[in-house]
Amino acid sequence: MKKIIAVILMCAALMLATACSSGESFSHGTINGTVYTSAFLGLKAEFSEGWEITADSDLAQANGIDGMSDDSTAKALKTNGMLFEMMALKDNGASNVNLVIENLDVTQLGRKLTAEQYVDLALPTITSQYAAAGINDVEAEKSTVSFLGSETSCIKTTVKNNGTELHQTMIPVSKGLYMGVITFTAPDEDGVKAQIEIFKSV
């Protein structure tokens, strides 16, 4: 399980190869059973039976902070430029969804990016980042997907390693100073599609 989680975190972190200040402060989302809600990003995910959402205490540990309070998350975003905001796992991690918040004021020196611009910057780095981790059979392409009622840019990736195949779709969600990067992973494309459909606007 630890190895699977490490791979998930790597997949999220490698999207940071790529937000102009809106004056809006980030706020951590809430978890109620298997429902994750982010008022900040304006979305909600209702996970079905079998899914487990990572507790705030474990998220804080992954972020290297004491907790997921406003002060702690603000410190992480200012210092590291990123924050592991949410992670949900199913089937021992074979299917997973994670959300990373990126502080574009740190990672892009204040350069404002659209979702498509973010995808264009992240796409060339994906195969090289996997190669650095010893995974070389990787195909990544720019695409579009219907998400939260709109067509948006995304990156679709197929990863083959040790006889296992995983499909991923990475969707950036722009929010002023920040970029929310949601990565959906499943053994097949239908699984990824089902995960994406879990998310709704609020």
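The rules we used
Per-chain numbering applies: the sequence of each chain, read as written, is numbered from 1 onward. pLDDT decides what is reported in this predicted model: residues at 70 or higher carry local features, side-chain atom pairs at 80 or more are listed and counted, and totals for whole chains, interfaces and linings draw on all residues regardless. Only hydrogens and water are set aside when side-chain values are computed; all heavy atoms of the structure are taken into account. Working definition: helices are DSSP H or I runs of at least four residues, strands are E runs of at least two. Numbering for both runs from the N terminus. Relative accessibility under 20% of the residue-type maximum defines a buried residue, over 50% an exposed one, and the middle range a partly exposed one, all with a 1.4 Å probe and only protein chains included. Here a polar contact is taken to be a pair of N or O atoms separated by no more than 3.5 Å, where protein atoms must pair a possible hydrogen donor with a possible acceptor and residues adjacent in sequence count only if both atoms sit in side chains. Side-chain atoms within 4.5 Å link the members of a nonpolar core, which is a set of buried Ala, Val, Leu, Ile, Met, Phe, Trp, Tyr and Cys residues. Note on contacts: a residue pair qualifies if any of its non-hydrogen atoms lie within 4.5 Å across the two residues. Pairing between two strands is assigned when DSSP locates at least 2 bridges connecting them. Lines fitted to C-alpha atoms define the axes, with helix axes restricted to the stretch in contact, and inter-axis angles between N-to-C directions lie between 0 and 180 degrees. Confidence of the predictor in every single residue is expressed as pLDDT, which spans 0 to 100.

### Focus: the side chain of Asn-103
In step 1: Tracing the backbone shows Asn-103 in strand S6 (residues 95-103).
In step 2: When its relative accessible area of 7% is taken as the criterion, Asn-103 is described as buried.
In step 3: Separated by 3.0 Å, the side chain of Asn-103 and the backbone nitrogen of Asp-105 make a polar contact.

### Here's the deal with the nonpolar core
In step 1: By size, the foremost hydrophobic cluster in this structure holds 38 residues, and its most contacted members are Phe-47, Met-86, Phe-147, Ile-182, Phe-184 and Phe-199.
In step 2: Per element, the largest residue contribution to this core is five residues, and it comes from strand S5 (residues 82-90).
In step 3: Apart from residues lying up to four places away in sequence, Ile-182 is in contact with Leu-43, Val-97, Asn-98, Leu-99, Phe-147, Thr-169, Met-170, Ile-171, Val-173 and Phe-199.
In step 4: One finds Ala-122, Ile-135, Val-138 and Val-159 within the second-largest nonpolar core, a separate group that totals 14 residues.

### Side note on the sheet that holds strand S8 (residues 150-161)
In step 1: Pairing is antiparallel across the open sheet formed by seven strands, whose spatial order is S4-S5-S6-S10-S9-S8-S7. Both outer strands of the open sheet, strand S4 (52-53) and strand S7 (137-147), are each paired with one neighbouring strand and no more.
In step 2: Sheet topology note: the S6/strand S10 (residues 178-186) ladder contains eight bridges and is antiparallel. Within S10, the position partnered with Asn-98 by the bridge is Thr-183.
In step 3: On top of the sheet, helix H5 (residues 115-132) reaches S6, S7, S8, strand S9 (164-175) and S10; it is set at about 0° to S8, its chief contact.

### Re unusual backbone geometry
In step 1: Phi at Asp-91 takes a positive value of approximately 55°, unusual for a residue other than glycine.
In step 2: The residue Leu-148 is not glycine, and still its phi comes out positive at about 55°.
In step 3: Position of Leu-148 relative to the elements: it lies in the loop between S7 and S8.

### Regarding the sheet that holds strand S1 (residues 30-32)
Either a parallel or an antiparallel arrangement is found when strands of a sheet pair, and the pairing is made through backbone hydrogen bonds.
In step 1: As summarised here, the arrangement of the four strands in space is S1-S2-S3-S11, forming an open sheet in which the pairing is antiparallel. Both edges of this open sheet fall to S1 and strand S11 (199-201), since each of them pairs with a single strand only. Going from strand to strand, the sheet's axes swing by 20° on average, the running direction of each strand aside.
In step 2: As defined by bridge partners, S1 adjoins strand S2 (residues 35-38) across three bridges and the pair is classed as antiparallel. Its bridge partner lying in S2, Thr-30 is registered against Thr-37.

### Some details on the confidence of the model for the protein chain
In step 1: Averaged over all residues, the pLDDT of the protein chain equals 89, while 88% of them reach at least 70.
In step 2: Every residue in residues 1-7 is under pLDDT 50, and counting partners more than four places away or in other chains gives six contacts.
In step 3: Of the regions scoring below 50 in pLDDT, residues 12-22 engages in 47 contacts with residues more than four places distant in sequence or in other chains.

### A few points about the environment of Ile-126
In step 1: Relative to the helices and strands, Ile-126 resides in helix H5.
In step 2: Separated by 29 residues in sequence, Ile-126 and Ile-155 have C-alpha atoms that sit 9.5 Å apart.

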